[in-house]
Amino acid sequence: MMMMLRRNPKPLSAVLARFGSLASSKVSPSSDDALACFYNMLNTNPLPSVHEFNNLFSRLVRTKRFETVISLGKEMELVGIQFDAYTLNILINCYCNVHRVDFGFSLLGKLVKLGFRLDVIVFNTLINGLSRQGKVDEAVQLFHDIVAKGYQPDDFTYSAVVNGLCKYGKTEMAVSFLRELGCRVNVVAYSTIIDSLCKRKSFSEALDLFSEMKGMGILPNVVTYTSLIHGLYNAARWKEALALLNEMLDLGITPNLVTFSALVDLHCKEGKVSEAHGIVETMIKRGIQPDVVTYSSLMNGYCLKNQISQARNVFDEMVSKGCTPNAHTYNILINLYCKSQLLDEAKFLFDEMHRNGLMADVVTCNSLIQGVCQVEGPWAALQFSEKIDAPRNILTYSILLDCFCEHGHLDMALTLFDEMQRNMIKPDCIVYTILIKGMSKAGKLDDAKQLFSRLSKEGLQLDVQIYNTLFDGLCRGGLLDEAYVLFRKMESDGCLPDRRSYNVIIQGFLQRKDLPAAKQLFDEMVDKGFPADATSTTFLGDLKAIESILV
């Protein structure tokens with residue numbers, strides 16, 4: 001539908017005085033001024049040339065006001081202004097950008113009908129439009145059609161086809177397309193496919209293509225190297241990433257922001273935080289300003305080493321240089337403060353997030369709830385979680401359940417467990433382990449056994465941790481025989497006992513002074529390669545002393 005706009009023209013001279021000559025102005029007009037200028041032009045007698053309208057449309061396109069240009073183009077036609085080839089090219093571009101490439105092809109037909117000469121630029125626009133709409137097979141077919149008709153594709157043509165294929169997961173087809181074209185393809189097309197392969201973690205194929213392009217005399221650039229380095233270091237293939245970085249530097253290719261950021265994160269993950277900080281300083285000296293990703297990686301490196309003051313210094317430096325922290329940045333520091341039980345500092349940062357218009361995610365909220373649990377106890381944590389009105393996920397409930405159980409408030413833990421199920425959050429083995437431990441601690445072993453027995457009915461694959469928790473509760477409650485039966489049954493249930501399983505049962509028999517049974521289990525444990533803990537090792541020494549006396 002054509003946009004109906006009120007005509008209330010300003011004097012044309014006033015509009016042109018503000019923007020300068022339409023042909024020479026580099027200023028992009030606001031919507032109101034652009035419309036005022038357009039209608040003043042329509043009301044001028046004689047009408048300005050189509051060239052003047054094209055200039056206005058070009059400036060509107062630069063600000064992505066495609067719908068406006070399409071509407072104004074329709075009004076131009078209504079008053080009888082004839083389009084030239086440049087006008088039609090602008091409109092084809094606008095239709096492709098609003099995902100109406102079909103209208104773009106209609107205007108292509110008009111170009112032909114009016115006798116205008118077609119060039120590769122208009123075909124590039126249509127190929128790009130098809131690719132962006134996901135019609136990549138049609139984009140490839142159009143490419144082959146224009147080549148068959150004698151048009152010479154340029155670098156943009158190749159890149160548009162390759163971008164579309166990679167964007168919609170047809171990377172193998174993109175590689176075939178590339179090899180079909182051979183050395184005519186530029187580094188941009190190769191880099192696009194290499195980046196797509198790295199994102200799919202197809203590093204062997206990416207490295208093969210990288211070697212292939214070099215063999216064809218196509219020199220990789222910073223984008224090519226960065227895609228490979230970033231992909232390899234994310235896959236923990238750090239040595240290969242560093243080798244490529246050194247190769248890149250040897251060729252005199254200056255790393256860009258993404259490369260440097262990957263390198264900072266790489267060093268932090270290897271525990272080389274001082275070296276990572278040195279890289280950040282090198283970036284700044286070279287005029288490359290670190291971004292929020294770079295600073296966050298460096299902060300995380302210091303946090304992994306529990307170096308609170310250094311992490312905070314990086315945060316403050318980041319802010320002082322005008323780089324705005326995001327929610328992830330705040331979460332890194334909040335989590336460190338909570339782990340260090342510096343709850344006031346963590347809460348201050350949390351409030352600062354909100355003052356800066358950032359919404360805390362569930363990760364940040366869980367870190368704080370965990371911190372409040374450790375410092376102020378379960379009731380304060382529950383009150384805090386209600387105050388911040390954060391959505392609760394399974395980890396939130398696990399934190400609160402564990403804290404209430406540890407402090408002996410089993411009834412409140414069960415109330416939260418019921419709330420969790422009402423909220424359609426399915427409990428996992430961790431949640432059930434917490435509750436079984438809490439029930440055992442409260443002396444409610446029948447409830448613990450009943451809860452355990454219903455887990456397999458709910459389709460949960462029981463892990464060794466939940467068995468060990470029940471073993472421990474049963475042994476402490478004097479139900480060693482039941483614990484032992486369950487211990488022997490767990491392997492047939494598909495869960496192998498671990499070191500803790502053996503040590504819990506062994507110590508149960510020791511407390512009952514059943515030395516033969518304890519010794520049998522001890523030998524079995526050692527035969528399976530599990531180390532004994534301190535209590536079991538002490539038992540072995542005592543057992544040998546007893547045996548020597550009996551002999």
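Structure first, text after, so check above.
Caption draft 1: Here's a closer look at the overall build of the protein. Across its full length, the protein holds 31 helices and 0 strands. Against the 2.2 N^0.38 benchmark of 24 Å for 551 residues, the protein shows a C-alpha radius of gyration of 35 Å, more extended than a compact globule. Seen along its three principal axes, the alpha-carbon backbone of the protein occupies a region of about 120 × 55 × 50 Å. Sorting the 551 residues of the protein into buried and exposed places 47% on the buried side. Here the contacts in the protein between residues at least 6 apart in sequence split such that 60% fall between residues at least 24 apart. Summed over all atoms, the accessible surface of the protein reaches about 27700 Å², with 54% contributed by carbon and sulfur. Positive and negative side-chain charges in the protein, numbering 57 and 61 respectively, have mean positions lying 5 Å apart.

Caption draft 2: Summary view of the side chain of Asp 265. Position of Asp 265 among the secondary structure elements: in helix H15 (residues 257–269). Using a relative accessible area of 12% as the deciding quantity, one classes Asp 265 as buried. Only 3.4 Å separates the side chain of Asp 265 from the side chain of Ser 297, close enough to count as a polar contact. Non-local contacts of Asp 265, meaning those with residues more than four positions away in its chain, are made with Tyr 233 and Ser 297.

Caption draft 3: A look at the packing of helix H10 (residues 171–181) against helix H11 (residues 187–199). For the pair H10 and H11, interaxial distance at closest approach is 10 Å and the crossing angle is 155°. Relative to H11, the element H10 lies roughly antiparallel. Crossing of H10 against H11: the hand is left-handed. Only Ala 189, Tyr 190, Ile 193, Ser 196 and Leu 197 of H11 make contact with H10, whose side of the interface consists of Thr 171, Ala 174, Val 175 and Leu 178. Residues belonging to the contact of H10 with H11 are distributed by class as follows: 7 nonpolar, 2 polar and no charged.

Caption draft 4: Looking closely at the nonpolar core. Formed by 176 residues in total, the largest nonpolar core has its most connected members in Phe 38, Ile 193, Leu 298, Ile 334 and Tyr 467. Of the residues forming this core, the biggest block, 8 residues, is contributed by helix H19 (residues 327–339). Other than its neighbours up to four places away in sequence, Ile 334 contacts Ala 346, Leu 349, Phe 350, Met 353, Thr 364 and Leu 368.

Caption draft 5: Layout of the pattern of salt bridges. Evaluated as defined, the whole model comprises 21 salt bridges. The partner of Lys 437 in a salt bridge is Glu 406, with the nearest N and O atoms 3.3 Å apart. With a gap of 31 residues between them, Lys 437 in helix H25 (residues 429–441) and Glu 406 in helix H23 (residues 394–406) connect regions that are remote in the sequence. A relative accessible area of 37% means that Glu 406 is categorised as partly exposed.

Caption draft 6: Region of the structure containing the environment of Thr 224. Tracing the backbone through its elements, the reader meets Thr 224 in helix H13 (residues 222–234). With 93 residues separating them in the primary sequence, Thr 224 and Ser 131 have C-alpha atoms 22 Å apart. Not counting chain neighbours up to four residues away, the residues in contact with Thr 224 comprise Val 187, Ser 191, Ile 194, Phe 210 and Met 213.

Caption draft 7: Summary view of helix H26 (residues 445–453). Within H26 the residues assigned to the buried category are Leu 445, Ala 448, Leu 451 and Phe 452. Take H26 and look down its axis: the buried residues cluster within an arc of 125°, on one side only. Projecting away from the buried face of H26 at angles above 90 degrees are the exposed residues Asp 446 and Gln 450. Those residues of H26 hidden inside the fold are in contact with H25, helix H27 (464–476) and helix H28 (480–490).

The rules we used
Residues numbered from 1 in each chain as written. Predicted model: local features only at pLDDT ≥ 70, side-chain atom pairs only at ≥ 80, totals over all residues. Heavy atoms only, no water. Helix = DSSP H or I, 4+ residues; strand = E, 2+ residues; numbered from the N terminus. Rg over C-alpha atoms; globule rule 2.2 N^0.38 Å. Buried < 20%, exposed > 50% of the residue type's maximum accessible area, 1.4 Å probe, protein only. Contact = heavy atoms within 4.5 Å. Areas by Shrake-Rupley, 256 points an atom, 1.4 Å probe, with all protein chains shown as cover. Lys, Arg positive; Asp, Glu negative; His and termini not counted. Charge placed at Lys NZ, Arg CZ, Asp CG, Glu CD. Polar contact = N/O pair within 3.5 Å; in protein donor to acceptor, adjacent residues only side chain to side chain. Axes fitted to C-alpha atoms, helices over the stretch in contact; angles between N-to-C directions. Parallel < 35°, antiparallel > 145°, perpendicular 65-115°, else oblique. Left-handed = near helix turned anticlockwise from the far one by under 90°. Nonpolar A, V, L, I, M, F, W, Y, C, P; charged D, E, K, R; others polar. Core = buried A, V, L, I, M, F, W, Y, C linked by side-chain atoms within 4.5 Å. Salt bridge = Lys/Arg side-chain N within 4 Å of Asp/Glu carboxyl O. Arc of directions from axis to C-beta.

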